[in-house]
Each structure stands twice: as C-alpha cells, then as structure tokens.
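# Structural overview for review
Single-letter residue listing:
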Amino acid sequence: MLEALKTRVGHWTHAGAKTGCTAILFDADAVASAEVRGGAPASRELDLLSPQKTVTNIDGIVLTGGSAFGLAAADGAMRYLHERDRGVATPGGKVPIVPTLALFDLANGDERVVPNADAGYAACVAALTAPEMGSVGAGTGATTGAVTGTPTPAGIAMETATRGALQVTAIVAVNAFGVIDAHGDAAQRLAGTPNLPGFGEDVFVSHTTIGAVITNAELDKTACRLVAQGAHHGLARAVAPSHTRFDGDAFITASTGTVPANVDVVALLATVAVADAICSFA
C-alpha cells in the first residue's frame, strides 16, 4: 500500500533501552500540515506546516522516542536527504524539511540511550515500502493499558482506509494510557475508569500517541490540516483519556498523490484508519 503512496518507512530500534525512531520518507515532495492537541508536545518544524507559512512541501517525517532528546533524530534524516539532493531550494543550497514528533519513553528503559542523529540516519537507510510494525522504531518503548494498573507493550501500527482509488494510511506510534473499542460503547467503557487502579497523581505523565496520515488525495496545506484534525477524532475514539495536559498527542498529514477527493471524505477515512491502527493494541 505504501508503494502507491510513494512512501517508505524505516526503523532504528534499541531493544535494550526500549526506545527507537521511525523515518517516513517520500519519493517526491509531499504537501503537509499538522495538528497538535496534547498539552505537552515534543516536536520540531511544526510551525512551518501551518497553512499560512511559506514552505509547502516536506521531504520526510520522523516519529521518535526519547521525548525532546529524541528530536535529534531529525538531524540524521536531514543528512540522509541532503546527500540525495532533497529539500527546499535556498541561496545556500537545498534544506530538507523533516517535521518530527516525539513521545515519552524515558522511564521505560535506560534513560541514557535516546535516538540521536545516527539513529535517524539509520532509520532512513532501513526504509522500505513494506515496513515492520509492532515494538520497533518509535514504538519500541511504547505501552498501553496503564488504565488497568498493568501496562503492556504497544508500538507502531499501520492501517489503511480506502474509497475507490482514494487511499488514506495511518502510521501511529501508540503510547496510550488506555485503548478502548472504537466501534463499541465508549461511554459505557469509560464510565468506571476513574475507579481503576491505574489512576493516581502521576497517571497521565508518560503517555503520548503520535503519528502520520499519508494519502494519495490531492490536497493543499489547509486541507491537510483538516485531515490531521480528522486523525485526532480517530485518536479520541480509541484512546481514553486522550489529549490531556501531559500528552504530546499530534498528527502530521501528508498528501503525495493526485487523486481528486472531497476533504471531508479524506478526513473521515483518516478518522477510521487512526482508530483502527490504535485499536490493534486493544
């Protein structure tokens, strides 16, 4: 499915330290925007993705563990892309544009090991159109189920929603307090949540879900922002609680194709794809 999106995904994984990073590379320029709804994001180059900003295209996306330290992985992705003459043209040469999102996994392993520039470069080298999913890359130290008092490993998930020739693929690093059935009775499932053993003073501090939505729909930056908002609807369907003051929940949407599509349809497909990806760890 990623081949149709002109996209490749690669991981760098440090199983011992339970951290890693994931590089999403585009074979051609991709129009992109983003939406952040968590109260404590760790990110890089997101301001540039605002619809009113000048630069339209990006060359890649990095999802990483290591909290703010892990944002250094983007340096390696930039180096990899620069070596391949990618980037926005400037009087001083091309500058690769690689927006980056990080999740918190510092408490899960060896906090002295975090993704760095070499890790980001290695993730790019490993990029494939049929990437591995699960406890790899940015999802290596991710967990879910702390709502029950016993967190379990989560990781990277990928799901695709289609309508005719239109394709919307979500790549999500699921690091959530609790995952619910997005197709069930969410109100009923959440009704008793505050009484579960996972709730306490530090309950929300180490949970952030981040991801990318890639589509072959022909979208401008404003439309990509709307689709990123649809991705957050999917997150809210599947994660409880979502978008807390301590989360860095964020999504980047990239358009790599020329398929004409209604942006509301694309956003709805993003909602479905993100919810299904997250619920693969339910």
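Here, every reference points to the structure presented above.
In this report, the structure presented in the accompanying data block is examined.

Of regular secondary structure, the protein chain possesses 5 helices and 11 strands. The 282 residues of the protein chain split such that 54% are buried. Only carbon and sulfur atoms are counted for the fraction: they give 52% of the accessible area of the protein chain, which is about 11,400 Å².

Any two side chains of opposite charge can pair if their charged atoms end up close together. One pass over the structure, following the stated rule, counts 8 salt bridges. When the shortest N-O distance is used, the salt bridge between Glu35 and Arg37 registers 3.2 Å. What you see here is one network of salt bridges that share partners, running through Asp29, Asp59 and Arg86.

Side-chain direction in a regular strand flips from residue to residue, so the side chains alternate between the two faces of the sheet. Of all 10 residues making up strand 11 (residues 250-259), 9 are buried, and the element is well covered by its neighbours. Relative to strand 11, strand 2 (residues 19-36) runs antiparallel, the two sharing 6 bridges. Bridged to Glu35 within strand 11 is Phe251. Taken together, strand 10 (residues 210-217), helix 4 (residues 221-238) and strand 11 form a β-α-β motif whose crossover is right-handed.

Within strand 10, 8 of the 8 residues are buried, which leaves it mostly tucked inside the rest of the structure. Of the two faces of strand 10, both are covered, the one formed by Ile210, Ala212, Ile214 and Asn216 as well as the one formed by Gly211, Val213, Thr215 and Ala217. In this sheet, strand 10 lies alongside strand 9 (residues 166-174) in antiparallel orientation, the contact comprising 6 bridges. Residue pairing across strands places Val172 opposite Gly211, the latter belonging to strand 10. Both strand 10 and strand 11 contribute to a ladder of 7 bridges, which runs parallel. Note that in strand 11 the partner of Val213 across the bridge is Thr253.

Here the focus is the packing of helix 1 (residues 73-83) against helix 2 (residues 117-125). Orientation of helix 1 relative to helix 2, taken along the N-to-C sense of each, is 50°, at an axis distance of 5 Å. Relative to helix 2, the element helix 1 lies oblique. Taken as a pair, helix 1 and helix 2 cross one another with a handedness that is right-handed. Here helix 1 contributes Ala73, Asp75, Gly76, Ala77, Arg79, Tyr80 and Glu83 to the contact with helix 2, which in turn contributes Ala117, Asp118, Gly120, Tyr121, Cys124 and Val125. Taken together, the residues that form the contact of helix 1 with helix 2 break down as 7 nonpolar, 2 polar and 4 charged.

Let us look at the nonpolar core. Generally speaking, soluble globular proteins have nonpolar side chains that are buried together. Counting residues in hydrophobic clusters, the biggest one holds 34 residues, and the most contacted among them are Val174, Val213 and Ile278. Of all the secondary structure elements, the ones that give two or more residues to this core are strand 8 (155-163), strand 9, strand 10, helix 4 and helix 5 (263-279). In terms of residue count, helix 5 provides more of this core than any other element does, 10 residues in total. Each residue touching Val174, except ones within four places of it in the same chain, is listed here: Ala142, Thr143, Ala154, Gly155, Val179, Thr209, Ile278 and Phe281. Grouped together as the second largest cluster of nonpolar side chains are 27 residues, Leu2, Val9, Ala34 and Ile252 included.

Here we come to the packing of aromatic side chains. Throughout the structure, instances matching the rule amount to 1 aromatic pair. Ring geometry for Tyr80 versus Tyr121: centroids 5.6 Å apart, planes at 75°, classification edge-to-face. Here Tyr80, found in helix 1, pairs with Tyr121, found in helix 2; they are 41 residues apart in sequence, far enough to count as distant. The burial state of Tyr80 is the same as that of Tyr121; both residues are buried. Just above the ring of Tyr80 sits the side chain of Arg84; from NZ or CZ to the centre is 3.6 Å.

Parameters and conventions
- Residues numbered from 1 in each chain as written.
- Predicted model: local features only at pLDDT ≥ 70, side-chain atom pairs only at ≥ 80, totals over all residues.
- Heavy atoms only, no water.
- Helix = DSSP H or I, 4+ residues; strand = E, 2+ residues; numbered from the N terminus.
- Buried < 20%, exposed > 50% of the residue type's maximum accessible area, 1.4 Å probe, protein only.
- Areas by Shrake-Rupley, 256 points an atom, 1.4 Å probe, with all protein chains shown as cover.
- Salt bridge = Lys/Arg side-chain N within 4 Å of Asp/Glu carboxyl O.
- Pairing = 2+ DSSP bridges.
- Right-handed = clockwise from strand over helix to strand, strands pointing away.
- Axes fitted to C-alpha atoms, helices over the stretch in contact; angles between N-to-C directions.
- Parallel < 35°, antiparallel > 145°, perpendicular 65-115°, else oblique.
- Left-handed = near helix turned anticlockwise from the far one by under 90°.
- Contact = heavy atoms within 4.5 Å.
- Nonpolar A, V, L, I, M, F, W, Y, C, P; charged D, E, K, R; others polar.
- Core = buried A, V, L, I, M, F, W, Y, C linked by side-chain atoms within 4.5 Å.
- Phe/Tyr/Trp six-rings, centres within 6.5 Å; stacked < 30°, edge-to-face > 60°.
- Lys NZ or Arg CZ within 6 Å of the ring centre and 35° of its normal.

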